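Below are the chains, spelled out letter by letter.
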Amino acid sequence: MHWKGYAAVIAAAMLWGVAGVVAKSLFSGAVDPLALVEIRLTGVFVLTLAVFLVRGWRIRIPTGAAVRLIPLGAAIAFTQSTYYVTINLASVTTAIFLQYTAPALVMTYGALMLRERLTAAQLIALAGALLGGYLLVVGPEGLAVTPKAAIAGIASAAGFAAWVLIGRSQGNKLTPWEMLLYAFGAGAVLWSLYVPPWRAYLQPYTLQEWGLIAFIVVFATLLPFGLFLGGLRFIDSRTASLTATLEPVVAAVAAALLLGETLTGRGIAGAALILASIASLQLFPPRPPQSAAGRPSI
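What counts, and where the lines are drawn
- Residues numbered from 1 in each chain as written.
- Predicted model: local features only at pLDDT ≥ 70, side-chain atom pairs only at ≥ 80, totals over all residues.
- Heavy atoms only, no water.
- Helix = DSSP H or I, 4+ residues; strand = E, 2+ residues; numbered from the N terminus.
- Buried < 20%, exposed > 50% of the residue type's maximum accessible area, 1.4 Å probe, protein only.
- Contact = heavy atoms within 4.5 Å.
- Areas by Shrake-Rupley, 256 points an atom, 1.4 Å probe, with all protein chains shown as cover.
- Polar contact = N/O pair within 3.5 Å; in protein donor to acceptor, adjacent residues only side chain to side chain.
- Salt bridge = Lys/Arg side-chain N within 4 Å of Asp/Glu carboxyl O.
- 1 Å grid on protein atoms, 1.4 Å probe; cavity = no way out; pocket = protein on both sides within 12 Å on 5 of 7 lines; lining within 4 Å.
- Points joined across faces, edges and corners; volume = space filled by probe spheres on them.
- Nonpolar A, V, L, I, M, F, W, Y, C, P; charged D, E, K, R; others polar.
- Core = buried A, V, L, I, M, F, W, Y, C linked by side-chain atoms within 4.5 Å.
- Axes fitted to C-alpha atoms, helices over the stretch in contact; angles between N-to-C directions.
- Parallel < 35°, antiparallel > 145°, perpendicular 65-115°, else oblique.
- Left-handed = near helix turned anticlockwise from the far one by under 90°.
- Patch = residues over 30% accessible without salt bridge, like charges linked within 9 Å, V, L, I, M, F, W, Y side chains within 5 Å.
- Phe/Tyr/Trp six-rings, centres within 6.5 Å; stacked < 30°, edge-to-face > 60°.

1. A closer look at the overall build of the protein
Counting its secondary structure elements, the protein contains 13 helices and 0 strands. When the elements of the protein are put in sequence order from the N terminus, they spell out α-α-α-α-α-α-α-α-α-α-α-α-α. Residues classed as buried in the protein amount to 54% of the 298 residues present. Once local pairs closer than 6 in sequence are excluded, the contacts in the protein between residues at least 24 apart make up 90%. Surface summary for the protein: the accessible area is close to 12,800 Å², and the carbon and sulfur share equals 69%.

Now the structure itself:
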């Protein structure tokens, strides 16, 4: 069943890759990156709650899960905010490259804290994905990024690694819909203390901007986060985070087509290396984790 996990994570990465380009276009206008985070968090919580109500699902929190749900929401909010700040300060592909150093953090944490054995295939895939991502964004003068963008990008990688690990730990206790509801609810409450909802929503956005914002809420947040969390029920966090490095490839192509960002021969080689690294993971699929049976799945 591991193919379900790969398919879900690949679909999530593709949606995130396109969404980064949409977000960059919004930031070129009058949309504040931090306000967009508030709209994403609250929007997904409201939509997920509506799904529960319409389908008549019981809202429940298993014993002990609440302790993990608040950090999960905080990690998601932190990741989104630092990622958007990086996009605003640098190119889309650079922001995604910095965020996708997260697999190295996930694998290091697993090896040191969880005593997970790293396979040769995973280490080779990690090296290939990191080198491919670097080639995808580097120019003749090297990686062009300001210190502020670098700090924000590394912070987004740490946040990404944190929510992936927390989400994996809850995969056999909660369904993806439940994790979306509780995590984004907690994240929305926490982020609202920093960016009040009225500051985010009561802005003179144009109709086109509202359309792009709605796209980000649904296709950059609700669907991909649900797909990724669902994928963690079938593949481990290391494999999932490595597979998600497809996002820089999608983002680079989308940025070249929609924003006019240059995709060089070096970048094409990097994209090919990332794809080869993801494909190599299929040679040694890990044992799928036990799924949460009998509850709604995404």
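2. Quick notes on the side chain of Ser192
Residue position: Ser192 is located in helix H8 (residues 176-192). Among the polar contacts made by the side chain of Ser192, one reaches the side chain of Glu38 at a distance of 2.8 Å. Ignoring sequence-local partners within four residues, the contact set of Ser192 consists of Glu38, Thr42 and Pro197.

3. A word on the pattern of salt bridges
This structure, assessed with the given rule, holds 2 salt bridges. Here Asp236 ties to Arg238 by a salt bridge, and the two come within 3.6 Å at their closest N and O atoms. Across the pair, Arg238 and Asp236 agree in class, each one buried.

4. Some thoughts on the layout of surface pockets
Its volume calculated, the second largest pocket comes out at about 200 Å³. Lining the second largest pocket are Arg68, Tyr109, Leu114, Glu116, Ala162, Leu165, Ile166, Arg168, Ser169 and Ser237. Here the lining of the second largest pocket takes 5 residues from helix H7 (residues 147-169), the largest share from any one element. Per-class residue counts for the lining of the second largest pocket are 5 nonpolar, 2 polar and 3 charged.

5. Looking at the nonpolar core
If you look at the biggest cluster of nonpolar residues, it comprises 74 residues, and the most contacted ones within it are Leu36, Leu41, Ile76, Tyr84, Trp163, Ile216 and Phe228. Here the element with the most residues in this core is helix H1 (residues 2-27); it accounts for 10 residues. Beyond its immediate chain neighbours, meaning those up to four positions away, Trp163 contacts Trp16, Leu72, Ala75, Ile76, Thr79, Phe225, Phe228 and Leu229. Core analysis: the next-biggest nonpolar cluster, separate from the first, contains 12 residues, Leu98, Leu246, Ala271 and Ile278 among them.

6. What to know about the packing of H1 against helix H10 (residues 207-231)
At a minimum axis separation of 8 Å, H1 and H10 run at an interaxial angle of 155°. Between H1 and H10, the crossing angle belongs to the class labelled roughly antiparallel. Like other packed secondary-structure pairs, H1 and H10 cross with a definite hand, here left-handed. Residue classes in the contact of H1 with H10 are distributed as 22 nonpolar, 3 polar and 1 charged.

7. Comments concerning the environment of Ile166
Within the secondary structure, Ile166 sits in helix H7. Spatially, the C-alpha atom of Ile166 lies 6.1 Å from that of Leu72, the residues being 94 residues apart in sequence. Beyond its immediate chain neighbours, meaning those up to four positions away, Ile166 contacts Arg68, Pro71 and Leu72.

8. Quick notes on the side chain of Thr42
Relative to the helices and strands, Thr42 is located in helix H2 (residues 33-55). Classification of Thr42 as buried rests on a relative accessible area of 14%. Polar side-chain contacts of Thr42 include one of 2.8 Å to the backbone oxygen of Glu38. Other than its neighbours up to four places away in sequence, Thr42 contacts Ala188, Ser192 and Tyr201.

9. Side note on empty space enclosed by the protein
Inspection of every chain in the model, using the stated rule, returns 2 cavities of 30 Å³ or more. Taken as a whole, the largest cavity holds about 160 Å³ of empty space. Along the walls of the largest cavity sit 14 residues, with Trp16, Arg40, Tyr83, Gln99 and Phe225 positioned nearest its centre. Secondary structure elements with two or more residues in the lining of the largest cavity: H1, helix H3 (66-89), H7 and H10.

10. As for a nonpolar patch on the surface
Judged by side-chain polarity, Val253, Leu257, Leu258, Leu259, Leu263 and Ile268 come together as a nonpolar surface patch covering roughly 560 Å² of accessible area. No other element matches helix H12 (residues 246-258), which puts 3 residues into the nonpolar patch. Here Leu258 is to be found in helix H12.

11. What about the environment of Ile216?
Within the secondary structure layout, Ile216 lies in helix H10. For the pair Ile216 and Gly20, spaced 196 residues apart in the sequence, the C-alpha separation amounts to 8.9 Å. Those residues in contact with Ile216, other than ones at most four positions away along the chain, are Val22, Ala23, Leu26, Leu36, Arg40, Tyr84 and Thr221.

12. Considerations on the packing of aromatic side chains
Counting across every chain of the model gives 18 aromatic pairs. Seen in terms of ring centroids, Trp163 and Phe225 are 5.0 Å apart; in terms of plane orientation they differ by 40°. Their pairing is tilted. Of this pair, Trp163 sits in helix H7 while Phe225 sits in helix H10, and the two are 62 residues apart along the sequence. Taken as a pair, Trp163 and Phe225 share a single burial class, namely buried. Aromatic pair Tyr201 and Trp210: ring centres 6.5 Å apart, planes at 25°, arrangement stacked. Here Tyr201 falls in the partly exposed class, since its relative accessible area comes to 29%. One aromatic cluster is present, built from ring pairs that chain together Trp16, Tyr100, Phe160, Trp163, Phe184, Phe225 and Phe228.

Geometric descriptors of this kind do not, in isolation, establish any biological role.
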